[in-house]
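# Secondary and tertiary structure notes
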Amino acid sequence: VAGGGVETTWNPVTGCTRVSSGCDNCYAVGQSHRLEAMGQGDKYGGLTVLNAKGERHFNGTIRLHEDVLAKPLSWRKPRRIFVNSMSDLFHKDVPFEFIDKVFAVVALCPQHQFQILTKRPERMAEYFGENDGLTTALRVEEQYQQLRGKGDAAWAMGTLRWPLPNVWLGTSVEDQPSADERIPNLL
């Protein structure tokens, strides 16, 4: 994908939990509240709460949206896709099995570039680090085969690589202490 920024978002997960002061001005909190008010309560309703100071934050509710998982499969033209602009894929309440499904879809869409940011790089490192990444790769391959069909041998034939080359992983940081804590986990 040529050029600058994100061209679209894909939100198979909604909701989050405040992690740090970097969450104080979270874009997704305001958007979730707005989308709930616009009638999208099934996806965004009840995800935010006002604290004692009158500030809106996520309340810790996480929703997994299986119905949205296949959406990138219909996008033929290459896109740069921000994954979970309305959540954090590596939130503790997002099961690794669901993350496997997300990465299986990513594997089936080599024409796209997927950007995944997290404030939880320690969980991301745990996900990718199981058995030096082999356990995770095998689980993702299983989901890939289920989505693609049992007859597809692309993964086994070595035409697909792990880690997936069309994924950009990153962590967001708000100050030097959070950078000192999160960046080593990202690396």
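Here is a short report on the structure shown in this document. Quick caveat, the model's predicted, so the values are computed rather than measured.

Parameters at a glance
- Residues numbered from 1 in each chain as written.
- Predicted model: local features only at pLDDT ≥ 70, side-chain atom pairs only at ≥ 80, totals over all residues.
- Heavy atoms only, no water.
- Helix = DSSP H or I, 4+ residues; strand = E, 2+ residues; numbered from the N terminus.
- Rg over C-alpha atoms; globule rule 2.2 N^0.38 Å.
- Expected span 1.5 Å × (residues − 1).
- Buried < 20%, exposed > 50% of the residue type's maximum accessible area, 1.4 Å probe, protein only.
- Salt bridge = Lys/Arg side-chain N within 4 Å of Asp/Glu carboxyl O.
- Pairing = 2+ DSSP bridges.
- Axes fitted to C-alpha atoms, helices over the stretch in contact; angles between N-to-C directions.
- Patch = residues over 30% accessible without salt bridge, like charges linked within 9 Å, V, L, I, M, F, W, Y side chains within 5 Å.
- Areas by Shrake-Rupley, 256 points an atom, 1.4 Å probe, with all protein chains shown as cover.

Before going further, it helps to examine the overall build of the protein. Each helix and strand counted, the protein has 6 helices and 8 strands in total. In sequence order, the secondary structure elements of the protein are arranged as β-β-α-α-β-β-β-β-α-β-α-α-β-α. For the protein, whose C-alpha radius of gyration is 17 Å, the value lies close to the compact-globule estimate of 16 Å for 187 residues. Viewed in the frame of its principal axes, the protein has a C-alpha envelope of about 55 × 40 × 35 Å.

The next point concerns helix α3 (residues 96-107). With 12 residues, α3 extends 16 Å from end C-alpha to end C-alpha; this agrees with the ideal 16 Å at 1.5 Å per step. Burial runs high along α3: 10 of the 12 residues are buried.

Further remarks concern the pattern of salt bridges. By the definition in use, this model includes 6 salt bridges. Among the ionic pairs, aspartate 24 bridges to arginine 18, the shortest N-O distance being 2.3 Å. A salt bridge links arginine 120 to aspartate 88; the shortest N-O distance between them is 2.9 Å. Of this pair, arginine 120 sits in the loop between β7 (113-118) and α4 (121-129) while aspartate 88 sits in the loop between β6 (80-83) and α3, and the two are 32 residues apart along the sequence. The exposure class of aspartate 88 is buried, given its relative accessible area of 4%.

The strand order across the open sheet formed by 4 strands is β1-β6-β7-β8, and the pairing between neighbours is parallel. Strands with a single pairing partner mark the edges of an open sheet, and in this sheet they are β1 (8-10) and β8 (167-171). Taken pair by pair, the neighbouring strands of this sheet meet at an average axis angle of 30°, ignoring direction. Two elements, β7 and β8, share 5 bridges in a ladder whose sense is parallel. The partner of threonine 118 across the bridge, within β8, is threonine 171.

So, on to a nonpolar patch on the surface. Residues Val173, Ile183 and Leu187 make up a contiguous nonpolar surface patch of about 300 Å² in total accessible area. You can see leucine 187 is positioned in the segment after α6 (176-186).

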